[in-house]
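What follows is each chain in one-letter form.
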Amino acid sequence: MDTRPPNLPPLLLLTIILLFSQCARGQSSYIIDAVGLKILPASTVQSGTLVTMQCRVIVSHDNTARLTHKFQIVRDDVPIRSFTTTEDTVVHELKPARAADSGSYECRVTVKDKSKTSFSQKLDVTGLQDPVLYLNRTTLYEGDDFIATCSAPEEKGSLIFRFFRRFRNEESQRMKQVAPTGNSSETTLVLRQAGDYFLYCDYEINLVSGTRRSNHSNEVQVIVRELHISPVMNVLPSSRVFEGDVIEVVCKVVTSLKNIQVFLTKDKRILKQAPVSLSHRFTAQEGDSGELVCKAEWGNVQKETYKTLTVKELFSKPWLTVDPGDIFVGDRFKLTCSVSVYVPERINNQTLQFAIYKNNMKMTSSETYITQAHPSTNGNYTCKTMASSVSHSFVKESPTLVVKAKVPVSKPVMSVVGGTLILGRHFQLICQSDQGTLPITYLLYGPRGLVGHRVVGKPGDQAVFNCSSIFKSSDLSKFMCQAKNSQHRPPMVGSGMEAQLLRSTKIIEPVSKPMLTIEPSMGDVSEGQDLTLSCSVQSGTPPFNFTWYRAESEGALATQTSKMQKGYYHVRSVKGEHKGGYYCVSTNPANESKQSQTIMITVKMAGWKKGLIAFFCILLILVLILVVVFKTCLRQFKRKRTGELSVKSASTKVERLSLTQAEVIEAANVTPGMMGKSVWSEHVSGSESDDQKSETATTEPHYTGEDQHRQIQTEVNLPLAPVNTETDAVNSEVRNSKHGRTGLLPALHSNCSCITWCEKLHHWLTIFLKNASGNRISSNCKHLCCW
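Residues numbered from 1 in each chain as written. Predicted model: local features only at pLDDT ≥ 70, side-chain atom pairs only at ≥ 80, totals over all residues. Heavy atoms only, no water.

(A) Quick look at the sheet that holds strand 22 (residues 261–266). The five strands lie next to each other as 20-26-25-22-23, forming an open sheet whose pairing is mixed. Of all strands in the sheet, those with a lone pairing partner are strand 20 (240–242) and strand 23 (269–275), marking the two edges. Across this sheet, the average inter-strand angle for adjacent strands is 25 degrees, counted without regard to direction. Sheet analysis places strand 22 next to strand 23, joined by six bridges and oriented antiparallel. Within the sheet, the bridge partner assigned to Phe-263 lies in strand 23 and is Gln-273. (Pairing = 2+ DSSP bridges. Helix = DSSP H or I, 4+ residues; strand = E, 2+ residues; numbered from the N terminus. Axes fitted to C-alpha atoms, helices over the stretch in contact; angles between N-to-C directions.)

(B) Structural detail: the pattern of salt bridges. Scanning the entire structure with this criterion turns up 24 salt bridges. With a shortest N-O distance of 3.8 Å, Asp-101 and Arg-75 are connected by a salt bridge. Of this pair, Asp-101 sits in the loop between strand 6 (89–94) and strand 7 (103–111) while Arg-75 sits in strand 4 (residues 69–75), and the two are 26 residues apart along the sequence. One salt bridge connects Asp-475 with Lys-478, and the closest N-O pair in it is separated by 3.5 Å. The network of salt bridges with shared partners includes Arg-162, Asp-202, Glu-204 and Arg-213. (Salt bridge = Lys/Arg side-chain N within 4 Å of Asp/Glu carboxyl O.)

(C) Broad picture of the side chain of Thr-547. Residue placement: Thr-547 occurs in strand 47 (residues 544–550). Judged by relative accessible area, Thr-547 falls into the buried class, the value being 10%. For Thr-547, the contacting residues outside a window of four places in its chain are Ala-556, Ala-558, Thr-559, Tyr-583, Cys-584 and Val-585. (Buried < 20%, exposed > 50% of the residue type's maximum accessible area, 1.4 Å probe, protein only. Contact = heavy atoms within 4.5 Å.)

(D) Highlighting the sheet that holds strand 49 (residues 566–571). Spatially, 44-46-49 is the arrangement adopted by the three strands of the open sheet, whose pairing is antiparallel. With partners counted over all chains shown, the strands left at the sheet margins are strand 44 (515–519) and strand 49, one partner each. In this sheet, neighbouring strand axes are inclined to one another by 20 degrees on average, regardless of whether the strands run parallel or antiparallel. Examined bridge by bridge, strand 46 (residues 531–536) and strand 49 share six bridges and lie antiparallel to one another. Looking at strand 49, one finds that Ser-536 is bridged to Lys-566.

(E) Main features of the confidence of the model for the chain. A residue-level look at the chain finds 76% of positions with pLDDT of 70 or above and a mean pLDDT of 79. In the model of the chain, helix 5 (residues 677–695) stands out as the element of lowest mean pLDDT, 36, in contrast to strand 10 (residues 132–135), which has the highest, 95. Counting interchain partners and residues more than four positions distant, the pLDDT-below-50 stretch residues 18–26 has zero contacts. In this model, residues 644–752 is a region of pLDDT below 50 whose contacts with residues beyond four sequence positions or in other chains number 130 contacts. (pLDDT = per-residue confidence, 0-100.)

(F) Layout of the side chain of His-280. Position of His-280 among the secondary structure elements: in strand 24 (residues 277–283). Exposure remark for His-280: the relative accessible area of 17% places this residue in the buried category. When neighbours within four sequence positions are excluded, His-280 is seen to be in contact with Ile-247, Glu-248, Val-249, Leu-264, Leu-271 and Lys-272.

Here it is as structure tokens:
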């Protein structure tokens, strides 16, 4: 077999190549320009009119191939018809248009992956078709049912049909409304009263624009005949009888109709059933009193007759009593069965027979039963009484009496809820007895009298009492609990429960307000000292938790737990930043915090720092004083540098006293160790040599003794004083001097200035140091200067 491919014609090959080349270039381009919808003949038409809807699309594209258009007609956003075609126009017809066709229409066109929708066009179809009513029977008996059909075959959509009746000249009444099923509805109706009726129907249609209602249908007359099947009931011998009498009830229907059933009922219970007629015979009992009903049924029609039956009792129903009412284990109790005779002429007391049963077991044939209470005697007791009348014997049974011997309540025990009591707070007490038949009534007494009472009626429940706060442990022993479960027995009181309550309860006393103290002193502490903050309480249950705080900072400084009533916080080597307010907070197992008062701590400067500052201050003052003294002396010497002091002899030679710059400098450099006669001699000899040199250069004026004294006073800035003998001697010594000059005047001037500054220093030091140091320093200064 030749498997080679056949030779393709050249034209077919060229077509395939062109097709593939077109696919290689990609899909063609297109755009939907417009979509239009037109409703003809108009947007509002009468019901039954032929309506045409035209939908047209305009598409632009780049090739001559015809595109496929998908048209979709939409009414109120619900698609109702679709078209797929290559044509650009489609037509949708409504043949004919009905009210259900009313709404807003749109035309939606899809071309490949693009779509476009026309503008919305509204169509309103006015008018509804009149419905038609049909009945399967127009003549019937009361209570018969029949089928009614209402339809509007030309209408569209879901219609809601309603059925009405009009009895003679009365107002119309709606009989039924059925669920929407289309343009036709069928239902079953019943007319229960005899007479002539007129029936009609209408319908409603729900549109987006609202609900529209049709006109009435044709009226159909229905004749309802009365059905004579009312039953007759007789009670023999009478409707009022005594128990034990025989009663016969007859129920029947007199009619020519067939298939009639008769029922005898009492309290919705059928006593007997039979066709057309029945008879029911029974013996009357005390429970037979009531209403008898005789019913006749034919098809769906029922007729009833009522009779009231009254049965009188010959004697009452027995009742069983127990004495005493509260039976406790070990007590003797008595059961008594009693009856009341209502008709003595029919019932004799001697003919009554009694029997007492326990759990359906006969205990005695007497009307009384006496025994001792024990758990084995608990049970359900009943009493039966048998009596005989002239025509009948019957038995009556009493209601069930439950006998259950109670267990006496035991001595109650008290306990605190949680086992812990905090003084000063409210707490709860539980009062409980281990034994005793419920319900048990508990009464609690406290220091202020009755606290309250609780009744425990369910197993597992407890008598919990809310108690006011107490402030002393001894007050807990003043609580007392009583328990009882009988009105005829005294309550039980626990002996020694106060001591037991104290032993079983953990009593916690809240901590008192703490007191913060400072050691070694209150408030003022010097730098470098050790500080101890002690926090103490007066009362409370240990352990205690002490916490120290600083008012100027956040967070606790320290926390200490102790069984003692005092805690300590130590601050080693106090510094300036430790000053401020401090307080402490104390707690104990009562979980109640108490805060002490805030104590201010002042940190003083250390003593060695004070001495060091004083030393440097004194040293600085001394330096300043010495500088000021030196500058003052130097200024005075410079002022006298150009002046000259001369002392001349009265007879032949003029002598001069003067200070040179070298002498001033030499006087300033004199130390206390160089003072003395040697210094004086040096000054005198120095002055002599200087005088000899200056003697040839200048001529000195001549002074008398008094003039010389005044000149010296002027040179040293001393006040003038009268010349005395000592002054004359000095002047004479000066005049008799060989050289006529001396160093005494500069030395005298310098010593006096030094004394003046020492006095000022004494004043300043006295104010600054406020002690005797200034006196000692100024005194030494005076001695030094004067020496």
